[in-house]
Amino acid sequence: MYVSTAWSMVKAYDAASGKLLWSYDPQVPAGLE
Amino acid sequence: MNGCCDAVSRGVAAWNGKIFVATFDGRLVALDATSGKPVWSVLTVDPEKPYTITQAPRVIKGRVVIGNAGAEYGVRGYISAYDAATGKFAWRFYTVPGDPSKPFENQAMAMAAKTWSGEWWKLGGGGTVWESLSYDPALNLIYFGVSNGVEWNHTVRKCRKG
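This write-up is about the structure you can find in this document. Bear in mind that the values here come from a model prediction, so they are computed numbers and not experimental data. (Residues numbered from 1 in each chain as written. Chains lettered and ligands numbered in written order. Predicted model: local features only at pLDDT ≥ 70, side-chain atom pairs only at ≥ 80, totals over all residues. Heavy atoms only, no water.)

1. Let's talk about the overall build of chain B
Turning to step 1, where the next piece is worked out: Each helix and strand in chain B was counted, giving two helices and 10 strands.
Turning to step 2, where the next piece is worked out: Sequence-ordered secondary structure for chain B, helices as α and strands as β, is β-β-β-β-β-β-β-β-α-β-β-α.
Turning to step 3, where the next piece is worked out: Going through the 162 residues of chain B one by one, you find that 48% of them count as buried.
Turning to step 4, where the next piece is worked out: When contacts within chain B are restricted to residue pairs at least 6 apart in sequence, those whose partners lie at least 24 apart make up 46%.
Turning to step 5, where the next piece is worked out: Surface summary for chain B: the accessible area is close to 8,100 Å², and the carbon and sulfur share equals 53%.
Turning to step 6, where the next piece is worked out: Charge centroids of chain B, computed over 18 positive and 13 negative side chains, lie 5 Å from each other. (Helix = DSSP H or I, 4+ residues; strand = E, 2+ residues; numbered from the N terminus. Buried < 20%, exposed > 50% of the residue type's maximum accessible area, 1.4 Å probe, protein only. Contact = heavy atoms within 4.5 Å. Areas by Shrake-Rupley, 256 points an atom, 1.4 Å probe, with all protein chains shown as cover. Lys, Arg positive; Asp, Glu negative; His and termini not counted. Charge placed at Lys NZ, Arg CZ, Asp CG, Glu CD.)

As structure tokens, this is what we get:
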């Protein structure tokens, strides 16, 4: 199962167990002007 | 970064062993679905302008289609398509006309420009496609909504002609 979160991060979970398989952080600059 | 309306993400697309996500700062990234490693990444917006993306990409016939947001701060809305396998740019469709002193991208923009007044292009015109779009495979049509125009106040962007 693939989901996206705040700050455009992506996480992949095993749909049967809920175990986190991988996560991706695109490193969006978070500082607000 | 300069962006309106919170750094949410409205989802990903999955196709042919890849996961596609658009980033808040305007990139479109393809990830290997098994490893999560980036396969390609393209910048879909002018980083000097206050574009953001919170939209979920859609994959249509081997191309990833993505819009953007930012009309609140002054940008020109459009959707773009990229080859899902390589990230190569395929096409772009603007939703509002640009600077009329430059050639219009298509006949629709030339027609649309006649309905605008003032110097709307200096603030972009708005009309961003920020919510995820829809596709009808039977009719081979893409459907999308657009945001507010810019200037927000229509009496300014239409010189009280609207």
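2. Some remarks on the environment of Thr 44 of chain B
Residue and element names in this part refer to chain B.
Turning to step 1, where the next piece is worked out: Relative to the helices and strands, Thr 44 is located in the loop between strand E4 (38–43) and strand E5 (58–60).
Turning to step 2, where the next piece is worked out: Sequence-distant contacts of Thr 44, that is, excluding residues within four places in its chain, are made with Gly 26, Arg 27, Leu 28, Ile 53, Ile 66, Tyr 78, Tyr 82 and Arg 92.
Turning to step 3, where the next piece is worked out: Within the local environment of Thr 44, its side chain forms a polar contact with the backbone oxygen of Gly 26, the two atoms lying 2.8 Å apart. (Polar contact = N/O pair within 3.5 Å; in protein donor to acceptor, adjacent residues only side chain to side chain.)

3. Focus: the sheet that holds strand E7 (residues 78–83) of chain B
Residue and element names in this part refer to chain B.
Turning to step 1, where the next piece is worked out: The strand order across the open sheet built from four strands is E5-E6-E7-E8, with neighbouring strands paired in antiparallel fashion. Each of the sheet's edge strands pairs with one partner strand only, and the pair in question is E5 and strand E8 (89–94). For this sheet, the mean inter-axis angle between neighbouring strands, taken without regard to orientation, is 25°.
Turning to step 2, where the next piece is worked out: Sheet topology note: the strand E6 (residues 63–66)/E7 ladder contains four bridges and is antiparallel. Within E7, the position partnered with Ile 66 by the bridge is Ser 80. (Pairing = 2+ DSSP bridges. Axes fitted to C-alpha atoms, helices over the stretch in contact; angles between N-to-C directions.)

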